[in-house]
Amino acid sequence: MNLIVKGNFSGELINVTVNGATKSMDADLEKSVSFDLPEGNTYKVVISTQPDKNNRTLLNILLFVVTMVIRGIFCIFLPDTDSKWYKNISPYCLRAEFTVNLKQDTEIAFKYKNAEYNEISNTWFPAVFECNMDDSVKVSYTKNTSAFKNQWFNYVKKAVFGKLCFVGIVWSRRLFCI
């Protein structure tokens, strides 16, 4: 029997785990996964998103420092300071669990919309998960703290580096004018 899981979501990689086997769904490429399972058994299905990895590593910082000159050249011609850094955050990680009694080919459809920031009220709209499995779905959200820290770190790098480039240009003009 086939268990097909179809999703309607954007921007994230979603993992679907059934009977210990995990398959990934991508918002751009693959929005459905299927599992070939024996008939007549009950299976636990877990739909989840992964937390962001920490980008504040020694290697990442060293690469930034090494490429500062090249970035400086591009920063002069293409200013890049994204003051709306918080819009690119996935603040919560989803975990939805339910069981399926597989008696025939089954299709599970879900819709997931991650939390969004509302600039007018300065609040986050909560994440929404809907599934066609009635009320038997147990949904939980955990904070994705690395997402906030990573985006803030990227913003600070761009903002500080942009200011350093500006100061460097001003000082170089003063030196050449003397």
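Relevant structure appears above.
First, a word on scope: everything that follows refers to the structure included in this document. (Residues numbered from 1 in each chain as written. Predicted model: local features only at pLDDT ≥ 70, side-chain atom pairs only at ≥ 80, totals over all residues. Heavy atoms only, no water.)

1. A closer look at the overall build of the protein chain
Helix and strand counts for the protein chain stand at 3 helices and 11 strands. The linear arrangement of helices and strands in the protein chain, starting from the amino end, is β-β-β-β-β-α-α-β-β-β-β-β-β-α. In the protein chain, which comprises 178 residues, the proportion classed as buried is 32%. Taking the intrachain contacts of the protein chain between residues at least 6 apart in sequence as the baseline, contacts between residues at least 24 apart amount to 71%. (Helix = DSSP H or I, 4+ residues; strand = E, 2+ residues; numbered from the N terminus. Buried < 20%, exposed > 50% of the residue type's maximum accessible area, 1.4 Å probe, protein only. Contact = heavy atoms within 4.5 Å.)

2. What about the side chain of Glu97?
Position of Glu97 relative to the elements: it lies in strand β6 (residues 92-101). Taking relative accessible area as the criterion, Glu97 reaches 18% and is therefore assigned buried. A distance of 2.8 Å separates the side chain of Glu97 from the side chain of Arg95, its partner in a polar contact. (Polar contact = N/O pair within 3.5 Å; in protein donor to acceptor, adjacent residues only side chain to side chain.)

3. With respect to the pairing of strand β7 (residues 106-113)
Strand residues, when the strand is regular, have side chains that alternate between the two faces of the sheet. Of the two faces of β7, only the one carrying Thr106, Ile108, Phe110 and Tyr112 is buried; Glu107, Ala109, Lys111 and Lys113 on the other face are not. As paired strands, strand β1 (residues 2-8) and β7 are joined by 6 bridges and run parallel to one another. In the sheet register, Leu3 faces β7, and the bridge partner there is Thr106. Alignment of β7 against strand β10 (residues 128-131), held across 4 bridges, turns out to be antiparallel. Bridge assignment links Lys111 to a residue of β10, and that residue is Glu130. (Pairing = 2+ DSSP bridges.)

4. Looking at the pattern of salt bridges
Considering all chains together, one arrives at 4 salt bridges under this definition. Across the pair Glu97 and Lys44 runs a salt bridge whose closest N-O atoms are separated by 3.6 Å. A residue pair is termed long-range when its members are at least 10 positions apart, and Glu97 in strand β6 and Lys44 in strand β5 (residues 42-49) qualify at 53 residues. With relative accessibility at 46%, the residue Lys44 sits in the partly exposed group. Notably, a salt bridge pairs Glu116 with Lys113, separated by 3.9 Å at the nearest N-O pair. By relative accessible area, Glu116 is classed as partly exposed at 39%. Counted as one network, the salt bridges with shared partners bring together Lys44, Arg95 and Glu97. (Salt bridge = Lys/Arg side-chain N within 4 Å of Asp/Glu carboxyl O.)

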